[in-house]
Amino acid sequence: MNKILIANRGEIAVRIIRACKEMNIKTVAVYSEVDKDALHARLADEAICIGPASPKQSYLNMKNIIEAANITKADSIHPGFGFLSENSQFAKICEESNIKFIGPTSKVIDLLGNKSNSKEMMKKEGVPVIPGSDGSVKDLKQAILVCEKIGYPVLLKASAGGGGKGIRQVNSFEELEANYNIVKQEAKNAFNDSEIYIEKFIQNPRHVEIQILADEHGNVVHLGERDCTIQRNHQKIIEETPSTIIDDKLRSKMGNAAIKAAKAAGYTSCGTVEFLVDKDRNFYFMEMNTRIQVEHPITEMRTGIDLVKEQIRIAAGEELKFKQKEIEFKGHSIECRINAENPNKNFMPSPGKINEINLPGGNGIRIDTAIYSGYTIPANYDSMIAKIIVFGNTRNEAISKMKRALEELVIDGIDTNRDFLFDIIRNPDFIRGNFDTSFIEKNFLKGEMKNK
């Protein structure tokens, strides 16, 4: 593996470029016309424009990305997260073009990308799953029968979904009738696949995911859990590890289930198995993400293992250098996602020029970002512009460091969610670890966090 093309932008592209440089691997950045001055295009050894600002014409343009790889003689492509990272067709084109796709095979992505099919596979393997339909539901009549069997409330979910899209809660027969076709259309619009499935809505759960690494020689390990419960509209805002509700026994149980899931799918590369954990600490398989996660740094902080480098080594055919018993978990890590948006205006995106920036620093603080003073944030892409990751010996120490980091952060010229995150971090229920996926809904009111 001599030259890697990064088929992405922003902080994840910068993150991958830095890992490659440390491994003495040449890099190629691709960029849209509006991203010509982006940091990832500046840091890579080579940079090539792949189209206009529209994602469909650039970062989702498979033909142009493959051509860029051929022109620059890149032998591998790292997709990062988002865009084409979980697109089985793109992975297959890479395989057919003799370009190594840094991730699982197209067959595995296809298998796990269909949420209803992957759920059925996990069920057969003995991995706990949320009660629901056996695969996709073919029509409203079948949907009604499933809902009568498992009971309301339920979730209607896009089979090819991800990123919190194509999901609706339904509390009654009337709501099912009203929303069934709407969700099918949403699924079609977002994923070009109108199939949907149904699962029981778990009341007030925690969202806990297990990080796994699997090489091409049959070795699979887990790197503990990440608690991603603090969400808005199914989008993660703050993540931490370890989870306040997971003890060593449950961690081992969930980790073994994640390894079983990966082996059942024939998985290779870095991946994440996502679970819901109910109030009685029963856990249920939700889905498996076949890529590096936004929140991967907190796992790196706690284990000392560089996940991006491991992805690259696995893709190069190397065996994992460590066994499960050799992985050590230390301290506590928290990540806050910094978004260019205004929470007081219904989280309206806030693109524009950054006039001045001050990034926090100090022991135990890491910043993953691609912004700089004078940089103009385009309106065409996701609003996340940075991640603050902290590490402390204890959770309280990590929270204190995050408070300080958020106080130090200055991004002048645009709106951000910094103050909103600060309100969450200092909320008494968050500090006590007393929260579930409804935390934001319960505590957020008119753009401000309610004080309890």
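Residues numbered from 1 in each chain as written. Predicted model: local features only at pLDDT ≥ 70, side-chain atom pairs only at ≥ 80, totals over all residues. Heavy atoms only, no water.

Peer 1: Tell me about the sheet that holds strand β6 (residues 154-158), residues and numbers included.
Peer 2: Spatial strand order, β7-β6-β8: 3 strands in an open sheet with antiparallel pairing. On the outer flanks of this sheet lie β7 (167-170) and β8 (196-200), each paired with one strand and no other. Taken over all neighbouring pairs, the strand axes of this sheet differ in orientation by 25 degrees on average, direction set aside. Bridge analysis of β6 against β8 gives 5 bridges, and the strand direction is antiparallel. Bridge assignment links V154 to a residue of β8, and that residue is K200. (Pairing = 2+ DSSP bridges. Helix = DSSP H or I, 4+ residues; strand = E, 2+ residues; numbered from the N terminus. Axes fitted to C-alpha atoms, helices over the stretch in contact; angles between N-to-C directions.)

Peer 1: I'd love a proper account of helix α3 (residues 62-72), names of residues and values included.
Peer 2: Among all positions in α3, only M62, I65, I66, A68, A69 and T72 are buried. In an axial view of α3, the angular spread of the buried residues amounts to 155 degrees, which keeps them on one side of the axis. Across from the buried face of α3, at angles greater than 90 degrees, the exposed residues are K63 and I71. Just past α3, the residue K73 takes up positive phi, approximately 60 degrees. (Buried < 20%, exposed > 50% of the residue type's maximum accessible area, 1.4 Å probe, protein only. Arc of directions from axis to C-beta.)

Peer 1: Which residues make up the state of the cysteines, and what are the values?
Peer 2: Here the structure, examined in full by the defined rule, presents 0 disulfides. Looking at C228, it has no disulfide partner, and the nearest cysteine sulfur is the one in C336, 13 Å off. (Disulfide = S-S within 2.5 Å.)

Peer 1: Describe the pairing of strand β10 (residues 220-232), listing the residues and the values that go with them.
Peer 2: Summarising burial for β10: 12 of the 13 residues are buried, a large majority. Taking the residues between adjacent antiparallel strands as the criterion, strand β9 (residues 206-214) and β10 are bridged by 5 residues, where G218 takes a positive phi near 90 degrees. Of the pairings in the sheet, the one linking β10 to strand β11 (residues 235-241) comprises 4 bridges and is antiparallel in character. By the bridge assignment, R232 is partnered in β11 with Q235. The antiparallel pairing of β10 with β11 creates a hairpin that spans 2 residues between the two strands, and N233 there sits at a positive phi of about 55 degrees.

Peer 1: Please give an account of the packing of aromatic side chains that cites residues and values.
Peer 2: Applying the stated criterion across every chain, the model contains 11 aromatic pairs. For the pair F83 and Y381, a centre-to-centre distance of 6.4 Å together with 80 degrees between the ring planes defines the contact as edge-to-face. Of this pair, F83 sits in the loop between β4 (76-78) and α4 (88-96) while Y381 sits in the loop between β20 (376-377) and β21 (384-392), placing them 298 residues apart in sequence. A residue is classified by how much of its surface remains accessible, and Y381, at 12% relative accessible area, is buried. Where F347 meets F420, the ring centres are 5.2 Å apart and the plane angle is 75 degrees; that geometry is what we call edge-to-face. With F347 in the loop between β15 (341-342) and β16 (348-349) and F420 in helix α13 (residues 418-425), the pair connects residues that are 73 residues apart, well separated along the chain. In this structure an aromatic cluster arises from ring pairing among Y59, F83 and Y381. In this arrangement the basic side chain of R395 is found over the ring face of F430, its NZ or CZ atom lying 4.8 Å from the centre. (Phe/Tyr/Trp six-rings, centres within 6.5 Å; stacked < 30°, edge-to-face > 60°. Lys NZ or Arg CZ within 6 Å of the ring centre and 35° of its normal.)

Peer 1: Help me get a handle on the pattern of salt bridges, residues and values and all.
Peer 2: A pair can form between side chains of opposite charge whenever their charged atoms are brought close. If you walk through the whole model with that rule in mind, you get 35 salt bridges. The salt bridge involving K157 is made with E199; its shortest N-O contact spans 3.0 Å. Pair noted here: K157 is in strand β6 and E199 is in strand β8, with a separation of 42 residues, a long-range link. A salt bridge links D280 to K279, with the shortest nitrogen-to-oxygen separation between them at 3.6 Å. Of the two residues examined, D280 and K279, each falls in the exposed class. One connected set of salt bridges, linked through shared partners, spans E209, R226, K236, E239, E274, E295 and R337. (Salt bridge = Lys/Arg side-chain N within 4 Å of Asp/Glu carboxyl O.)

Peer 1: Give me the nonpolar core: which residues, what numbers.
Peer 2: Core analysis: the biggest nonpolar cluster contains 41 residues, and I230, I238, I338, I388, L406, I424 and F430 have the highest contact counts within it. Of all the secondary structure elements, the ones that give two or more residues to this core are β11, β14 (332-339), β19 (365-369), β21, α12 (395-408), α13 and α15 (439-443). Once you skip the residues sitting within four places of it in the chain, I238 turns out to touch D227, C228, I230, I334, E335, C336, L421, I424, I425 and F430. In this structure, I16, F81, L307 and F322 belong to the second largest nonpolar core, which totals 29 residues. (Core = buried A, V, L, I, M, F, W, Y, C linked by side-chain atoms within 4.5 Å. Contact = heavy atoms within 4.5 Å.)

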